[in-house]
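Summary of the model geometry
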Amino acid sequence: MATRRKTADAQTTMVQDAWTNPFTGMGYTGKDKNTSNVFMARAPLGWQEKTSLYRQNWIAKRLVDDLAADATRKGWQIGITDNTGTDDVVEGLHQELHRLNVGELLRMGLTWGLVYGGAVGMLLTDDTPEALAQLSNSTMLGVQAMQSMPAGGQSMTSIVSVLTSPLDEGALKSINRIWIVDARYALPDITQYDADEASPNFGLPLYYTVTPYGNLTNTQAFRVHWSRLLRFNGVPTDMLTRIQNLTWGDSIYEAAYDALSRYGAGFAGAALTAAEFNQKVLKLKGFTTAIASKQADVTLNRLQTMKMGLGAFGVAVVDADGEELEFMSQPITGLPDLLDRLKQEVAGAIRIPQSRLWGNQAGKVAGAEADRELWCDWVHGWQQYALEPALRRIIHLLLVAKDGPTGGNLVEFTLTANPIDPPNLDAEIARRKEQAAIDQTYYGMNALEASEIRQSRFGGSEYRYETTLDPKITESLTVVDLRNAEAAESNAGEPEPEPTAEV
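Here's what I pulled together on the structure shown here. Predicted model only: the values in this text are computed from it and were never measured.

What follows concerns the overall build of the chain. Assigned secondary structure in the chain consists of 17 helices and 12 strands. Here the chain holds 503 residues, and the buried ones make up 34% of them. Taking the intrachain contacts of the chain between residues at least 6 apart in sequence as the baseline, contacts between residues at least 24 apart amount to 65%. Split by element, the accessible area of the chain, about 31500 Å² in all, is 55% carbon and sulfur.

The following block contains the structure:
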């Protein structure tokens, strides 16, 4: 086992499992440059930097907007496990989701979660009075706001007590509105965590201080119980960083910041090089003497006259005896390759394929298809991680609400995100042909019945490859097998009949 020596604080330490060479200095600090490479952590991005990146950097904005738009534009398929009144329930859910504008709310929640590391959706239900929305949008706060509330309305104290209490799903009638607030205005209370192991909020704060910024100049902060909020998480990170972020994740710009910075600096340098690509150099006889003898005005007038001649006529007139004009070009050899490398790095850092980000062709059909599949997998991952929990929570509350499509009777449901990319028909036809051949083989072996194949493939709203066995058919086959086994067992104890003589 080789060792590597490091010098730190005037002390030599031994590091195991490293290649060393005392003659060349490989593996020795001070001689081998690689041993001094250390990844240095920079300060995390501030709120203003994240906001400026989203507003003013087109790549940073494109990253968030494309991801949020593709994750929500195709919607979800809702399935009801209980077939009783399925169409009516699904239709009622779609109407409620449309009324709440859930598609746009999910897009906003994911957008601010990506930019700021987290966001919440504040649920305004029937037990949080309409005065809450009026209060947040009012130009008056505090005592004036309470005085402006209509007669018979709830006071500020009663509103606050409702928001801090857990949401009673048994008494819920309806969801009136959902308010999306980013992590800057949703501060978790890290002094009280949910210790209930059966709770979906286990390990997270019990309360949040939420400031719905309905009015740009006057806002009212509310202390809200977690059950009245939808939580949109940012980029997953380690536990210590989550504590520093007040339980929120990281902004998606944190890991991509260095690549975006190098890309911006590289193209800014390229623009400067292009501006200085062709420089004009005028050699004047006695220039230094003229400047020293306070004849600078004469020299400047000469330069202005030459510049006017170049601008108006495109002709430079110089003195044949004492002047000379040269055009010097800046070399740009290797600059296009360098810019291409920067474009590749930034595309990899933000996980957007180059064919999508820059509009370049992938070069071949297989490459373009691979780019689409990678992007779709990336988007689908965010759908499952950040959007599906919030959407499931909304549908669950709509089902238990007394004014909901089921009248408060909770039913089991499934949720499937629609594919964001149009299907490849040729590949789908080939897959179905293979499945049909497999089904035919099983049918010939009496392993499947025709009714089971039909129900498995075409029984739902779309073609399915999973096979579901019919319990009745399985039970009947089991009974037949038992009878055959009993008959074989009874016949095994009887003597074989003696052969009869032929006549």
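What follows is about the packing of aromatic side chains. Within a pair of aromatic rings, the relevant descriptors are the distance that separates the centres and the angle that separates the planes. For the structure shown, the criterion picks out 11 aromatic pairs. With a centroid separation of 5.8 Å and an interplanar angle of 75°, the aromatic rings of Trp58 and Trp358 are classed as edge-to-face. Here Trp58, found in helix α2 (residues 58-72), pairs with Trp358, found in the loop between α13 (354-357) and α14 (365-400); they are 300 residues apart in sequence, far enough to count as distant. Overall, the relative accessible area of 43% leaves Trp58 in the partly exposed class. Counting every residue linked through ring pairs, the aromatic cluster contains Trp47, Tyr54, Trp112 and Tyr116. The ring centre of Trp358 lies 5.0 Å from the NZ or CZ of Lys343, which sits over that ring.

Ordered by their spatial adjacency, 3 strands build an open sheet running β5-β4-β9, and the pairing between neighbours is antiparallel. A strand with exactly one partner marks an edge of an open sheet, and here the two such strands are β5 (175-182) and β9 (229-233). Shown here is a sheet whose adjacent strand axes are inclined to one another by a mean of 20°, direction ignored. In this structure, strand β4 (residues 118-125) lies alongside β5, joined through 7 bridges in antiparallel fashion. Its bridge partner lying in β5, Met122 is registered against Trp179. Most of the contacts of helix α4 (residues 102-116) go to β5, to which it runs at about 20°, and overall it touches β4, β5 and β9.

About the cut-offs
- Residues numbered from 1 in each chain as written.
- Predicted model: local features only at pLDDT ≥ 70, side-chain atom pairs only at ≥ 80, totals over all residues.
- Heavy atoms only, no water.
- Helix = DSSP H or I, 4+ residues; strand = E, 2+ residues; numbered from the N terminus.
- Buried < 20%, exposed > 50% of the residue type's maximum accessible area, 1.4 Å probe, protein only.
- Contact = heavy atoms within 4.5 Å.
- Areas by Shrake-Rupley, 256 points an atom, 1.4 Å probe, with all protein chains shown as cover.
- Phe/Tyr/Trp six-rings, centres within 6.5 Å; stacked < 30°, edge-to-face > 60°.
- Lys NZ or Arg CZ within 6 Å of the ring centre and 35° of its normal.
- Pairing = 2+ DSSP bridges.
- Axes fitted to C-alpha atoms, helices over the stretch in contact; angles between N-to-C directions.

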